[in-house]
Amino acid sequence: MAGKKATRVSRAAYEKELLRLQTELVKLQEWVRAEGARLVVVFEGRDAAGKGGTIKRVAEHLNPRVARIAALPKPTERERTQWYFQRYVEQLPAAGEIVLFDRSWYNRAGVEHVMGFCTKEEYQLFMRQCPIFERMLIEDGILLRKYWFSVSDTEQQERFRRRLEDPLRRWKLSPMDLESLTRWEAYSRAKDEMMVHTDIAEAPWYVVESDDKRRARLNMIAHLLASVPYSEVPPPVLELPARPPSTGYERPPRDLRTYVPDHAAGV
């Protein structure tokens, strides 16, 4: 429950429930494909709030031809002259597809606004146009879900520290990420203002408490599944064919090929 300190989910309970939810996500995927539905899931939140790890678990067992992750880099010089939403429109799903936005058009309401990467006029225009843009998506039949991952300042700082010390995760840190620590209140005000303008009835924001990453992942996935009226699609009946009899094929000698060394033998 929000506002109440909950015990952390044990690894055993987490892995068991995650597998069950991921099985349901596969069913959701097949329903989206069979029905020709279009599903957009927006993941937003502070740096190190747990968005990336959750997206990874959502997509882990899905078909990348059906469910893809959109994580756009900085806009090019040409894209800077386009309508702001234009490059995001190009990422929207066609029939039978799911798109997971690892950050989205809400960059303008957060990092661009706080860091001064957009003008005051561009920011105000975004706030006016965003609800209209999202209503257009929904009116056209797109299923839009928006999740805000909420992390405390102490937990964010601890996650930054662990990333800084871990050579496998240090790439996740940038100078801008670290600067966000010194702009905590500015980002908080930007988030509050964003919610005022874009938490609309047609596309509400759903806040995910994410100090406990395991709990956050389970809660977010369970909510997504509950919010979409999917049903199980019977899979096609498949049978392994019998292997035909040999026609005399012989494999070429092994010394004619270059094999990778057996590194595993020395482990």
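Residues numbered from 1 in each chain as written. Predicted model: local features only at pLDDT ≥ 70, side-chain atom pairs only at ≥ 80, totals over all residues. Heavy atoms only, no water.

1. Topic: empty space enclosed by the protein
Across all of its chains, the model carries two cavities of 30 Å³ or more by this definition. Looking at the largest cavity, its volume works out to about 50 Å³. The set of elements that each furnish at least two residues to the lining of the largest cavity consists of helix H1 (11-35), strand S1 (38-45) and strand S3 (97-102). For the lining of the largest cavity, the per-class residue count stands at ten nonpolar, no polar and no charged. Reported here for the second largest cavity is a volume of approximately 30 Å³. Every residue lining the second largest cavity is listed: Arg 159, Arg 162, Arg 163, Arg 169 and Lys 213. (1 Å grid on protein atoms, 1.4 Å probe; cavity = no way out; pocket = protein on both sides within 12 Å on 5 of 7 lines; lining within 4 Å. Points joined across faces, edges and corners; volume = space filled by probe spheres on them. Helix = DSSP H or I, 4+ residues; strand = E, 2+ residues; numbered from the N terminus. Nonpolar A, V, L, I, M, F, W, Y, C, P; charged D, E, K, R; others polar.)

2. Re the UniProt feature "domain: Polyphosphate kinase-2-related" (unreviewed entry) in the chain
Here, UniProt's "domain: Polyphosphate kinase-2-related" (unreviewed entry) annotation points to residues 9-233. In residues 9-233, the share of helix is 52% and the share of strand is 14%. The end C-alpha atoms are 32 Å apart. (UniProt positions renumbered as here; feature names shortened; annotations may be inferred.)

3. Notes on the pairing of S3
In this structure, S1 lies alongside S3, joined through six bridges in parallel fashion. Looking at S3, one finds that Val 42 is bridged to Phe 101. Alignment of strand S2 (residues 67-70) against S3, held across four bridges, turns out to be parallel. Within S3, the residue paired with Ile 69 across the bridge is Leu 100. (Pairing = 2+ DSSP bridges.)

4. Focus: the environment of Asp 47
Considering the arrangement of structural elements, one finds Asp 47 in the loop between S1 and helix H2 (51-59). With relative accessibility at 19%, the residue Asp 47 sits in the buried group. Note: C-alpha distance between Asp 47 and Gln 157 (110 residues apart in sequence) is 9.9 Å. Among the polar contacts made by the side chain of Asp 47, one reaches the side chain of Arg 103 at a distance of 3.0 Å. (Buried < 20%, exposed > 50% of the residue type's maximum accessible area, 1.4 Å probe, protein only. Polar contact = N/O pair within 3.5 Å; in protein donor to acceptor, adjacent residues only side chain to side chain.)

5. Some words on the pattern of salt bridges
A complete count under the given rule lists 25 salt bridges for this structure. Here Arg 108 makes a salt bridge to Glu 112, at a shortest N to O gap of 2.8 Å. Like Arg 108, the residue Glu 112 is buried in the burial classification. Linking Arg 135 and Glu 202 is a salt bridge whose minimum nitrogen-to-oxygen distance equals 3.0 Å. A residue pair is termed long-range when its members are at least 10 positions apart, and Arg 135 in helix H6 (residues 120-139) and Glu 202 in the loop between helix H9 (184-198) and strand S5 (205-209) qualify at 67 residues. Overlapping salt bridges bring together Arg 8, Glu 155, Glu 158, Arg 159, Arg 161, Arg 162, Glu 165, Asp 212 and Arg 215 as one network. (Salt bridge = Lys/Arg side-chain N within 4 Å of Asp/Glu carboxyl O.)

6. Looking at the sheet that holds S3
Here five strands make up an open sheet; going across it, the order is S2-S3-S1-S4-S5 and the pairing parallel. The strands lining the two open edges of the sheet, one partner per strand, are S2 and S5. On average, adjacent strands in this sheet sit at an angle of 20° to one another, irrespective of strand direction. (Axes fitted to C-alpha atoms, helices over the stretch in contact; angles between N-to-C directions.)

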